[in-house]
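Structure at a glance
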Amino acid sequence: MATTPRPRHHQAANVGRHRPQLDPPRFTQAPTHPGRAYQVFPFGPGATPYRAQLGDLVSHLPDGLDKKMVFHICGDTGGVKNPAPQQLVASAMEADATNNTADGEAAFFYHLGDVVYYNGETSEYYPQFYLPYEFYPLPIVGIPGNHDGDPLTTPDTPQPFEPSLSAWKRNFCSDSGGVTNEAGDIPRHAMKQPNPFWTLETPKANFIGLYTNVPEGGAVKDDQKAWLASELKHAARDRAKALFVCLHHPIFSADTHHGGSPAMKDLLDAAIAASGAYPDIVFAAHVHNYQRFTRKIDDQEYTYVVAGAGGYWHLHSMAKFKGAKVTPPFRQVDDPDVVLENYVDDTHGFMRVEIEDDTITARYFAVPRPHEPPETPPRVADLFQLQFKANKLIR
């Protein structure tokens, strides 16, 4: 009996969506489904061009930040369904901030989005944000992810319970910086960031943070596109500092769930062409694992990182090459200028980044799995160094 071929279009039948291309992996590919629609979002209390000095946001900072600066960075932390992975990462970050001061005292945590699952609701900020970081001793800044901006609806209530990004804005773009109701009995104050997309200026680096909204693959309107090019050009005037671009949806990814975003690649490449400035590292999340890529342009080397295993329970595995899990370093045949250097897809973790002189040293700490003995220490699963003034990997 003849069978009907399975439809390949995401709207063609009542089946699950298709995965990205798995073998061989593609670092950037069009989404296999559109995801949720673009959401109009509230702007923050700051004035354009939405810049903030670290010292204006944080009351206490380590001494000597103009000589050496250390920070933590990761995304996709919300511990819905199973809080154990998020707590393991938060505890490891707390221990690093408290005990690992000989190599430099960490100053802050930059969050790459998806603070609260599944839809950014106010009621989840206590269990998924304030409680896990109750004893984390550093301020937390960052950008929203798609789940932070995706308003919650049900079949019986098609209108959202809360407007898009309303809870995130209240806790990260506060007018007053006071303790919100969501914090409950936790004394952590809300951040006074100027806007969902904004630039953080620190003594050793400038962080240009985008909000890539809700649709799969990300979506950015013309006003933010123009802002990005302008901020790149402005930040590049000070080459004594490192330059980072942070966005939730990754440009490159070799995973089996989301993949890298052509729209975000086009967005950044256009801004680079318009500004003449290239970020030293592009940090992203959304994919729930860790990946590091090097992109070579002429004789310059630029780093792209996915750090999306900050606590959400479901990790995303990597694609295969000729039937086996891809082995780094790995190049696509038709795009040899981008190399997958390393990845971790079987455990959660966070990054510790140090900037001293013109050298960036970054480590990815993989934390123990929930079933492993609690005294198991985090392990350094990746380490790299780059000289940002010369755009060269040195380790």
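In this report, the structure presented in the accompanying data block is examined. Here the residue numbers are simple positions, counted from 1 along each chain's written sequence. Side-chain atom pairs in this predicted model are given and counted only at pLDDT of 80 or more, local residue features only at pLDDT of at least 70, and totals for whole chains, interfaces and linings cover all residues. With hydrogens and water set aside, each side-chain value is computed from the structure's full complement of heavy atoms.

With that out of the way, let us pick up the overall build of the protein. Of regular secondary structure, the protein possesses 7 helices and 18 strands. Taken over C-alpha atoms, the radius of gyration is set against a globule rule of 2.2 Å times the number of residues to the power 0.38. For the protein, whose C-alpha radius of gyration is 20 Å, the value lies close to the compact-globule estimate of 21 Å for 395 residues. With the C-alpha coordinates aligned to their principal axes, the bounding extent of the protein is approximately 75 × 55 × 50 Å. Taking all 395 residues of the protein together, 55% fall into the buried category. Throughout, a contact is declared for two residues whenever any of their heavy atoms are within 4.5 Å. Considering only contacts within the protein whose residues lie at least 6 apart along the sequence, 72% involve residues at least 24 apart. Surface accessibility of the protein: about 16600 Å² in total, with carbon and sulfur atoms responsible for 51%. Each charge class in the protein can be summarised by its mean position, and for the 36 positive and 46 negative side chains these summaries are 5 Å apart. A run of H or I in DSSP becomes a helix once it reaches four residues, and a run of E becomes a strand once it reaches two; helices and strands are each numbered from the N terminus. To sort residues, take the accessible area from a 1.4 Å probe on protein chains only and compare it with the maximum for the residue type: under 20% means buried, over 50% means exposed, and anything in between is partly exposed. For every accessible area listed, the method is Shrake-Rupley and the probe measures 1.4 Å; residues are considered covered only by the protein chains on display. The convention is simple: Lys and Arg are positive, Asp and Glu are negative, and His and the chain ends are not counted. By convention, charge coordinates are those of NZ in Lys, CZ in Arg, CG in Asp, or CD in Glu.

Time to look at the sheet that holds strand β16 (residues 359-366). Here a strand pair is declared whenever DSSP counts at least two bridges between the two strands. Ordered in space as β4-β3-β2-β15-β16-β17-β18, the 7 strands form an open sheet in which the pairing is mixed. The open sheet terminates on both sides in strands that have one partner only, identified here as β4 (140-142) and β18 (392-393). Pairing between strand β3 (residues 106-111) and β4: 3 bridges, direction parallel. Each residue of the ladder has a partner; that of Y110, found in β4, is V141. On top of the sheet, helix α2 (residues 84-99) reaches β2 (68-74), β3, β15 (349-356) and β16; it is set at about 25 degrees to β15, its chief contact. The angle between two axes is taken between their N-to-C directions and runs from 0 to 180 degrees, where each axis is a line fitted to C-alpha atoms and a helix contributes only its stretch in contact.

The calculated volume of the largest pocket comes to roughly 320 Å³. With a 1 Å grid laid over protein atoms only, a set of points is called a cavity when a 1.4 Å probe fits there but cannot get out and a pocket when it is open yet has protein on both sides within 12 Å along at least five of seven lines; lining residues have an atom within 4 Å of a point. Forming the walls of the largest pocket are 19 residues, and the residues nearest its centre are V58, S59, L138, P139 and M191. By the convention adopted, Pro, Cys, Tyr, Trp, Phe, Met, Ile, Leu, Val and Ala count as nonpolar, Lys, Arg, Asp and Glu as charged, and the other residues, Gly among them, as polar. Class assignment for the residues of the lining of the largest pocket results in 12 nonpolar, 4 polar and 3 charged. Grid points are joined across faces, edges and corners, and a volume is the space filled by probe spheres set on the points. A volume near 270 Å³ is recorded for the second largest pocket. Here the lining of the second largest pocket is composed, by residue class, of 5 nonpolar, 10 polar and 5 charged.

Take the sheet that holds strand β7 (residues 242-246) next. Read across the sheet, 9 strands follow the order β1-β5-β6-β7-β8-β10-β9-β14-β13 without closing on themselves; strand pairing throughout is mixed. Two strands bound the open sheet, and with one partner strand each, they are β1 (51-53) and β13 (330-332). Neighbouring strand axes in the sheet, compared pairwise and without regard to direction, differ in orientation by 20 degrees on average. In this structure, β7 lies alongside strand β8 (residues 281-284), joined through 3 bridges in parallel fashion. Bridged to F244 within β8 is I281. Contacting β1, β5 (198-201), β6 (205-209) and β7, helix α6 (residues 222-235) crosses the sheet at an angle of about 175 degrees to β6.

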